[in-house]
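What follows is each chain in one-letter form.
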Amino acid sequence: RGKCNLAGWWQNELGSEMLVFNANSKGNFSGEYYTAVSSAQKPIETSPLRGSQHLDEDGKCTFGFTVNWSKFSDSTTVFVGQRFEDHRGQEVLKTGWLLRHKVNSLHDDWQATRVGTNIFTRLNCKEE
Ligand code: B9F
């Protein structure tokens, strides 16, 4: 695996899990996101993600991806982040996100966006 390979299973501090598929030669990737939290009316379902990453050789690539929650919500989240290794060599993704939920009018636009951070670590560490 290359130094910035994001492919595989990740979990964040909320317990949300995502599976990232191999990026292509341009750094574009897709995956699946299972959020541990929702507060939507409908039950949580696996949601598709699409992203783009840099392919730097130093292992500290930046990336971004969008999650479309359409199976149970009309909202969208975008994540931006960077890969690091901690002092034990464990991979960590430091991310920030914006969550846009659907509002019914321009008047309510001011309250449509939430912001936060998530830290992802590898779920199953396959050493290769
Ligand atoms: O809960 C979100 C939602 C949007 C409109 C009704 C429900 C959808 C899932 C978002 C999951 C977020 C967190 N999970 C995670 O791993 S994405 C960023 C966080 N990281 C009610 C109105 C707006 C939010 C809740 Fe809703």
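Calculation notes
Sequence order as written defines residue numbering, which begins from 1 separately in each chain. This being a predicted model, a pLDDT of at least 70 is required before a residue's local features are given, and a value of 80 or more before pairs of side-chain atoms are given or counted; all residues contribute to the totals for chains, interfaces and linings. Heavy atoms from the whole structure form the basis of all side-chain values; hydrogens and water molecules are not counted. What is meant by a nonpolar core is a set of buried Ala, Val, Leu, Ile, Met, Phe, Trp, Tyr and Cys residues, joined one to another through side-chain atoms within 4.5 Å. Type-normalised accessible area, obtained with a 1.4 Å probe on protein chains alone, sets the label of each residue: buried when under 20%, exposed when over 50%, and partly exposed for intermediate values. Strands are runs of DSSP state E lasting at least 2 residues, helices are runs of H or I lasting at least 4, and numbering of each runs from the N terminus. Only heavy atoms enter the contact rule, under which two residues are in contact if any of them lie within 4.5 Å. The cutoff for a nearby residue is simple: one of its non-hydrogen atoms must lie within 4 Å of the molecule or strand. Two N or O atoms form a polar contact when they lie within 3.5 Å of each other; inside protein one atom must be a possible hydrogen donor and the other a possible acceptor, and for residues adjacent in sequence the pair counts only when both atoms belong to side chains. Every definition here rests on a 1 Å grid over the protein atoms only: cavities are sets of points where a 1.4 Å probe fits but cannot get out, pockets are open sets enclosed by protein on both sides within 12 Å along at least five of seven lines, and lining residues have some atom within 4 Å of a point. The rule for placing a molecule in a cavity or pocket is simple: more than half of its atoms must lie within 2 Å of the grid points. Asp, Glu, Lys and Arg are counted as charged, while Ala, Val, Leu, Ile, Met, Phe, Trp, Tyr, Cys and Pro are counted as nonpolar; the rest, among them Gly, fall into the polar class.

Undergrad: Would you mind going over the nonpolar core with me for this structure?
TA: Membership of the largest hydrophobic core comes to 16 residues, with the highest contact counts inside it found for Met-18, Tyr-33 and Phe-65. At the level of secondary structure, the elements contributing two or more residues to this core comprise strand 2 (17–20), strand 3 (28–34), strand 5 (62–68) and strand 7 (91–100). Broken down by element, this core gets its largest block of residues, three residues, from strand 5. Every residue in contact with Met-18, bar those within four places of it in the chain, is listed here: Gly-8, Trp-9, Trp-10, Glu-32, Tyr-33, Leu-49, Phe-65, Leu-93 and Phe-120.

Undergrad: Before we go on, may I ask you to explain the site of the ligand in this structure?
TA: Taken together, 19 residues surround the ligand, and among them Ser-16, Tyr-33, Ser-38, Ser-39 and Asn-118 come closest. Between the ligand and the protein, one listed contact pairs an oxygen atom with a side-chain N or O atom of Asn-12 at 3.0 Å. At a separation of 2.8 Å, a nitrogen atom of the ligand approaches a polar side-chain atom of Asn-118. Among the cavities detected, the one that contains the ligand is the largest pocket. Broken down by secondary-structure element, the contributors of at least two residues to the shell around the ligand are strand 7 and strand 8 (113–122). Along the lines of polarity and charge, the residues of the shell around the ligand split into eight nonpolar, 10 polar and one charged.

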